Amino acid sequence: MPDTILSEYRRQVDGFAVVDFADEKKVENLRQQLDVDVPLDLHWTWDYAGGVEELRALYERGKKGQWNAETDIDWSAPFPREEWFMPREGALLMPSLLTAMGADEGTCREAAWDEFSHLMSQLLHGEQAAMQLCGQLTNACPSMDAKFYAGSQVIDEVRHVEVISKFLLRKMGQLQPIDPTLKILLDMLLEAPTWKMKTLGMQTLFEGMAVGIFDTIAKATSNPLLRDIIRRVQLDESRHAAFGILSMRQVVKESTPEELAEMEDFAFKILEALNANQQLDMLRTHGAKYGLDPDNVVQMALSMPEWAKINSEIYMHTVVPNLRRLGLITERTEDAYREVGILFGDRFEAKHELPIAN
Ligand SMILES: [Fe+2]
Ligand SMILES: [Fe+2]
């Protein structure tokens, strides 16, 4: 089993090694690390004719599927602070907890607002990282087909950064800084050394997590503006997912057993560390305002009999089934995934068919 990362930020809660940043100064330092040294192999290619028909077709589909985040969204549509845009219970952590504790509706709604703007801000920072990593792929990928496609995905990710930042600034009035755990993990993905590792980070880990989270929001929200934004982003993501499957199959075919083992370990380490935070970064930022003690919340969650089933949902949506299908979760790592509540049960089919763009 691969070693875990972020060991200097770990502590034990009921036998579970959580990642927790209690030192605000360290958090601020992490956020101020704006320059990242990234190894990048640049490849020329003289084969302009293109060889992979499916990739060219996907690129053509991408050109037709472009939309304008400024003019195609009805920005005059309301997103009122005094209305529920998600179910009060079951969708977000703080309003669910506060409801169970008997808090009044206004308090629960305010907690939902804070938690959701926090989540959307983290998605926004993730989109910025996706944009940057996709830019790297246009340099690093060896074939012209992959360069064409990665180049077109850059503009999709730019649009996602644009639309989510406009939603946060115009409609929620708050854009929150990046969580420390996320910053470290995104840097690790951006720093991945080879084009194969970069493709794994971008197309399987990034895209897999994004598809799961966006689909969960799209299904839960009752607000038409938010639904429209997420639906449009999902249309782009459906192309990215298709590219991801094509390119990762190729990568796996071309990799040595050593490279595959390295990828399997890398994927586990990233997902394990992400999961180990257990929303502590969010709770450290917002919990106190609602009288929620982060340690108590995590302890309570971990002691629930159904914890692993609930906790694994977001991972079992797309990222784990995809890793498994690619042969990047094998007997060697499967138990470790189960132990930390990322992999649960034995159903590995995709939870949801992405909408097809054009
Ligand atoms: Fe995106
Ligand atoms: Fe994407």
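Here, the structure is the one placed above.
Worth saying up front: this structure is predicted, and the values here are computed from it rather than measured.

Conventions we followed
- Residues numbered from 1 in each chain as written.
- Chains lettered and ligands numbered in written order.
- Predicted model: local features only at pLDDT ≥ 70, side-chain atom pairs only at ≥ 80, totals over all residues.
- Heavy atoms only, no water.
- Helix = DSSP H or I, 4+ residues; strand = E, 2+ residues; numbered from the N terminus.
- Rg over C-alpha atoms; globule rule 2.2 N^0.38 Å.
- Buried < 20%, exposed > 50% of the residue type's maximum accessible area, 1.4 Å probe, protein only.
- Contact = heavy atoms within 4.5 Å.
- Areas by Shrake-Rupley, 256 points an atom, 1.4 Å probe, with all protein chains shown as cover.
- Lys, Arg positive; Asp, Glu negative; His and termini not counted.
- Charge placed at Lys NZ, Arg CZ, Asp CG, Glu CD.
- Donors = N, O, S within 2.8 Å, 3.2 Å for Na, K, Ca; no water.

When helices and strands are counted, the protein shows 14 helices and 2 strands. Since a compact globule built from 358 residues should have a radius of gyration of about 21 Å, the 20 Å found for the protein is in line with a globular shape. Counting only C-alpha atoms and orienting by the principal axes, one finds that the protein spans roughly 65 × 50 × 40 Å. Within the protein, the fraction of its 358 residues that count as buried is 54%. Counted over contacts in the protein with a minimum sequence separation of 6, partners at least 24 positions apart contribute 81%. For the protein, the computed accessible surface area is about 16,400 Å², with 54% contributed by carbon and sulfur atoms. In the protein, 37 side chains carry a positive charge and 57 a negative one; their mean positions are 4 Å apart.

Within the secondary structure layout, Phe-266 lies in helix α9 (residues 257-276). Among the residues examined, Phe-266 registers a relative accessible area of 12% and is labelled buried. When the C-alpha atoms of Phe-266 and Gly-126 are compared, they prove to be 18 Å apart, with 140 residues separating the residues in sequence. Not counting the four nearest positions on each side in its chain, Phe-266 is found in contact with Met-188, Leu-189, Ala-192, Met-197, Leu-200 and Leu-205.

Protein-derived coordination of the iron ion (ligand 2) comes from Glu-157 (OE), Glu-207 (OE), Glu-207 (OE), Glu-237 (OE) and His-240 (ND1), at a distance range of 2.2 to 2.7 Å. The sequence pattern formed by the donor residues of the iron ion (ligand 2) is E-x49-E-x29-E-x2-H. A separation of 3.2 Å is found between the iron ion (ligand 2) and the iron ion (ligand 1), both of which receive a donor from Glu-157. Highlighted residues: Glu-237 and His-240, both in helix α8 (residues 224-254), separated by 3 residues, approximately one helical turn. Exposure class is identical for Glu-237 and His-240. Each is buried.

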